[in-house]
Amino acid sequence: MVSGIQAAGNYHLKPEMIAPGTYVLSGRNEHFNFRNGGNIVNTGFIVTKQGVVVIDTGPSRIYGEQMRAAIAGITDQPIISVLNTHLHPDHFLGNQAFEDIPIGALPGTIEGIRTQGEMFNDSMYRLAGSWMAGTRVVIPGETLKPGTLEVGGHRLRLLALDGHTSADLVILDETTGVLFASDIVFNSRTPTTPHADVGRWLKALDRLASIEFDILVPGHGRVESGAKRFEPVIQTGKYLGWLSGTLSTAAEAGKSMAEVLHPDVPQWVAGQAVFPEEYQRSVVHLFPDYESAALQRGLVEQQ
Amino acid sequence: MNTTTAFLRKCLLAAFLICQVSVVPAETSPPDPLNSVMWKEMHETLLGGGPVVFDERVRVLVPGDAEDSMNVPILVDATALGNVSRILVFAELNPIHRVLEMEPVQAVPLIGVRIKVQQATPIRAAVLTDDGVWHLGGGIVDAAGGGCTAPSLGSANQDWASRMGEVSGRLWPGDEHSRLRVQIMHPMDTGLVSGIPAFYIEQLEITNEAGEVLTRLFLHEPVSENPVLTLNLPQAESVVVRGTDNNGNPILAQVRSGVM
Ligand SMILES: [Zn+2]
């Protein structure tokens with residue numbers, strides 16, 4: 001808890017250029033804690049001739065402010081648009097620093113932030129402590145539709161996918177070939193599932209695998225390009241397949257929820273960052289549905 | 001550590017059991033491996049200060065962190081002990097400590113269930129053997145909290161009443177025993193939310209075709225809404241689940257081995 005003190009709160013954000021005018025701020029492959037202040041996420045921005053487009057705003061007011069300062073350190077262009085990819089707190093709680101700029105999101109994301117934003121903000125205080133000081137939920141005011149946006153010489157294709165949550169915005173910059181995959185894709189970091197529909201998520205991954213792009217920016221984990229750019233897409237799908245297979249097999253075999261907390265795990269699964277914690281969370285999120293399907297098949301007569 | 005060693009030595013000198021564990025007289029508690037501030041009080045109030053041992057043969061599976069404080073999965077397994085007459089599960093830092101009691105009767109001394117926790121707490125299983133000694137196992141669950149003072153989803157939902165008491169479940173045949181898993185629709189309100197009185201399943205009895213009692217359960221308010229129970233029973237083709245809640249509403253269903 002002492003580490004909260006050092007949190008006078010400098011995230012030391014260093015935008016890294018991954019394509020012309022395109023920058024990523026990489027978070028750590030960890031769970032939220034008092035040391036990382038919630039910076040476990042990748043955010044990004046695109047500098048165009050008309051101004052800057054920001055993709056996700058990080059986990060706190062301070063992060064948003066420091067991100068804005070980092071952008072100002074790179075370009076004099078004004079920020080003209082902010083996009084929130086989905087409703088998870090590490091992707092939108094920095095909105096406060098961009099309140100004077102139109103913030104856009106898919107309708108399901110806006111609704112989710114409206115209804116659950118305060119709860120996320122409270123739980124982030126518990127997990128990241130003083131880094132969250134003064135953070136307030138700012139609901140995106142602009143509703144995004146799938147389609148193509150022309151901004152200062154960049155053609156941005158907005159894809160409305162779902163599965164990680166009920167609304168996941170993926171952005172393909174057709175001009176640079178950069179795919180901002182949001183949390184549909186994790187790279188060597190165990191995917192999180194609090195709002196997941198695994199079947200829909202796998203469909204969204206299939207869709208990404210069929211798209212032309214050159215550089216992949218996952219929601220969490222390293223940026224990939226070249227031959228390796230599809231690997232995180234495949235890896236995320238493979239993990240979700242393993243997870244749903246493990247849970248449905250256990251439910252069908254009559255295992256209780258607590259008995260699935262410590263499964264036999266292949267090395268490629270166990271080697272992903274934050275595996276034990278995220279897996280146990282996923283059991284709580286996903287097992288009840290598999291369990292209920294298994295129990296519904298039983299022979300019961302009410303008397 | 002030194003006190004433990006001293007206890008062990010005393011045990012051996014007094015020619016108690018073959019002492020892998022330390023049995024102590026009623027007026028003292030052995031050092032608590034979970035270091036809980038509530039342990040002494042729990043020992044007095046729930047176990048009547050009776051003889052206790054902390055015993056690794058009582059396995060309590062809990063997650064390290066309660067992702068959902070309304071639904072914390074636990075499994076108590078005292079199979080390695082034998083001759084168990086009673087199991088008491090309690091959550092020490094919950095406003096209501098008692099979670100459930102089980103009289104195994106003919107069942108394996110094992111139970112899986114999901115529970116509500118109000119904050120980070122030790123979850124403990126006290127297992128009474130025929131010699132009158134309570135064997136304790138446990139684990140600590142970290143939690144954001146609020147599980148006991150949040151209203152059940154059922155109470156907020158209009159049509160729960162028509163499904164209340166409804167049982168779904170399945171009986172899996174096995175080499176040594178049959179595994180029973182049942183879910184019973186019930187709000188399991190704790191009474192800690194203002195305006196919503198305590199309303200929970202109080203007792204359940206599982207019987208076989210011959211009408212013999214296989215096991216008896218006594219549930220309390222901290223058991224999660226729509227409880228899901230996991231039990232290992234003597235082999236049976238079918239069992240009857242019979243019970244009541246604290247308002248006298250009956251629960252009655254037969255579960256047969258096999259699937260639709
Ligand atoms: Zn997410």
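Residues numbered from 1 in each chain as written. Chains lettered and ligands numbered in written order. Predicted model: local features only at pLDDT ≥ 70, side-chain atom pairs only at ≥ 80, totals over all residues. Heavy atoms only, no water.

For chain B, the count of helices and strands is 3 helices and 16 strands. The buried share of chain B, reckoned over its 260 residues, is 55%. At a minimum sequence separation of 6, the contacts of chain B that also span at least 24 residues come to 64%. On chain B, roughly 11100 Å² of surface is accessible, and the fraction owed to carbon and sulfur atoms is 53%. (Helix = DSSP H or I, 4+ residues; strand = E, 2+ residues; numbered from the N terminus. Buried < 20%, exposed > 50% of the residue type's maximum accessible area, 1.4 Å probe, protein only. Contact = heavy atoms within 4.5 Å. Areas by Shrake-Rupley, 256 points an atom, 1.4 Å probe, with all protein chains shown as cover.)

Here we come to helix 6 (residues 231-252) of chain A. Residues spaced three or four apart along an α-helix point in a common direction, a consequence of the helix completing one turn every 3.6 residues. Over its 22 residues, helix 6 of chain A runs 31 Å from end to end, which matches the ideal 32 Å to within 8%, given 1.5 Å per residue. Looking at the residues trailing helix 6 of chain A, positive phi occurs at Gly 254 of chain A, about 90°. (Expected span 1.5 Å × (residues − 1).)

At Asp 56 of chain A, a position not held by glycine, the phi torsion is positive, near 70°. Relative to the helices and strands, Asp 56 of chain A is located in the loop between strand 4 (52-55) and helix 2 (61-72). Of note in this structure, Val 105 of chain B is not a glycine but carries a positive phi near 50°. In this structure, Val 105 of chain B sits in the loop between strand 6 (98-103) and strand 7 (110-115).

Okay, the side chain of Thr 193 of chain A next. Residue and element names in this part refer to chain A. For Thr 193, the location among the structural elements is in the loop between strand 11 (178-180) and helix 5 (198-209). Thr 193 sits in the buried class, given a relative accessible area of 1%. A polar side-chain atom of Thr 193 sits 2.8 Å from a polar atom in the side chain of His 285. Beyond its immediate stretch of four places on either side in the chain, Thr 193 contacts Trp 201, Leu 243, Ser 282, His 285 and Leu 286. (Polar contact = N/O pair within 3.5 Å; in protein donor to acceptor, adjacent residues only side chain to side chain.)

The next point concerns the pattern of salt bridges. Evaluation of the coordinates by the stated rule reveals 28 salt bridges over all chains. Residues Glu 166 of chain B and Arg 163 of chain B are paired through a salt bridge, measuring 3.1 Å at the closest nitrogen-oxygen approach. (Salt bridge = Lys/Arg side-chain N within 4 Å of Asp/Glu carboxyl O.)

Residues and elements named next belong to chain A. Strand order in the open sheet made by the 6 strands is 8-9-10-11-12-13, with mixed pairing throughout. Of all the strands in the sheet, the pair left with one neighbour each is strand 8 (147-151) and strand 13 (224-225). Here 6 bridges tie strand 9 (residues 154-161) to strand 10 (residues 168-173), and the two strands are oriented antiparallel to one another. Within strand 10, the residue paired with Ala 160 across the bridge is Leu 169. (Pairing = 2+ DSSP bridges.)

Right, let's talk about the interface of chain B and chain A for a bit. Counting residues at the interface gives 35 residues for chain B, matched by 28 residues for chain A. For the pair chain B and chain A, the two sides together bury roughly 2800 Å², of which 52% comes from carbon and sulfur. Between the two partners, chain B and chain A, sit 5 salt bridges. Taken together, the links from chain B to chain A amount to 16 residue pairs in polar contact (both at pLDDT 80 or more). Only strand 4 (72-77), strand 10 (167-172), strand 11 (178-184), strand 14 (228-233) and strand 16 (250-259) of chain B provide two or more residues apiece to the side of chain B that touches chain A. Examining the composition of the side of chain B that touches chain A, we find that 8 residues originate from one element, strand 16 of chain B, more than from any other. (Buried area = accessible area lost by both parts, 1.4 Å probe.)

Our focus in this paragraph is the coordination of the zinc ion. Reference values for coordination geometry: four tetrahedral donors around a metal ideally subtend 109.5 degrees, six octahedral donors ideally subtend 90 or 180 degrees. All names here are of chain A. Of the protein atoms, only His 86 (NE2), His 88 (ND1), His 164 (NE2) and Asp 183 (OD) coordinate the zinc ion, at distances of 2.1 to 2.2 Å. Coordination geometry of the zinc ion: the 4 donor atoms subtend angles of 87 to 169° at the metal centre, consistent with an arrangement described as irregular. Along the chain, the residues donating to the zinc ion fall in the pattern H-x1-H-x75-H-x18-D. Of this pair, His 88 sits in the loop between strand 5 (79-83) and helix 3 (89-92) while Asp 183 sits in the loop between strand 11 and helix 5; the two residues are 95 residues apart in sequence, bridging distant segments of the chain. Across the pair, exposure class does not vary: His 88 and Asp 183 are buried alike. (Donors = N, O, S within 2.8 Å, 3.2 Å for Na, K, Ca; no water. Tetrahedral: all angles 85-135°; square planar, octahedral: opposite > 155°, others 65-115°.)

In this section: the side chain of Glu 92 of chain B. As for its position among the elements, Glu 92 of chain B is in the loop between strand 5 (84-91) and strand 6. Leave out the neighbours within four places in its chain, and Glu 92 of chain B touches Ser 36, Met 38, Trp 39, Met 42, His 97, Thr 121, Pro 122 and Arg 124 of chain B.

Before going further, it helps to spend a moment on the sheet that holds strand 7 (residues 142-143) of chain A. Residues and elements named next belong to chain A. Strand order in the open sheet made by the 7 strands is 1-2-3-4-5-6-7, with mixed pairing throughout. In this open sheet, the two edge strands, each paired with only one partner strand, are strand 1 (16-19) and strand 7. In this sheet, strand 3 (residues 43-47) lies alongside strand 2 (residues 22-25) in antiparallel orientation, the contact comprising 4 bridges. When the sheet's bridge partners are listed, Tyr 23 is paired in strand 3 with Phe 45. Each of strand 2, strand 3, strand 4 and strand 5 touches helix 2; the most contacted strand, strand 3, lies at about 30° to it. (Axes fitted to C-alpha atoms, helices over the stretch in contact; angles between N-to-C directions.)

Another point: the nonpolar core. Ile 123, Leu 180, Leu 204 and Val 239 of chain B are the most contacted members of the largest nonpolar core, which has 49 residues in total. Sort the elements by how many residues they give to this core and strand 5 of chain B lands first, with 4 residues. Leu 172, Ala 204, Leu 208 and Leu 247 of chain A belong to the second largest nonpolar core, which has 42 residues in total. (Core = buried A, V, L, I, M, F, W, Y, C linked by side-chain atoms within 4.5 Å.)

Further remarks concern the packing of helix 5 of chain A against helix 6 of chain A. All names here are of chain A. Here helix 5 crosses helix 6 at 160°, and the two axes come no closer than 10 Å. The orientation of helix 5 relative to helix 6 falls into the category roughly antiparallel. Considering how the two elements wind past one another, helix 5 and helix 6 form a crossing that is left-handed. Packed against helix 5, whose contacting residues are Val 198, Trp 201, Leu 202, Leu 205, Leu 208 and Ala 209, the element helix 6 presents Val 233, Thr 236, Gly 237, Leu 240 and Ser 244 at the interface. Here the contact of helix 5 with helix 6 is built from residues that sort into 8 nonpolar, 3 polar and no charged. (Parallel < 35°, antiparallel > 145°, perpendicular 65-115°, else oblique. Left-handed = near helix turned anticlockwise from the far one by under 90°. Nonpolar A, V, L, I, M, F, W, Y, C, P; charged D, E, K, R; others polar.)

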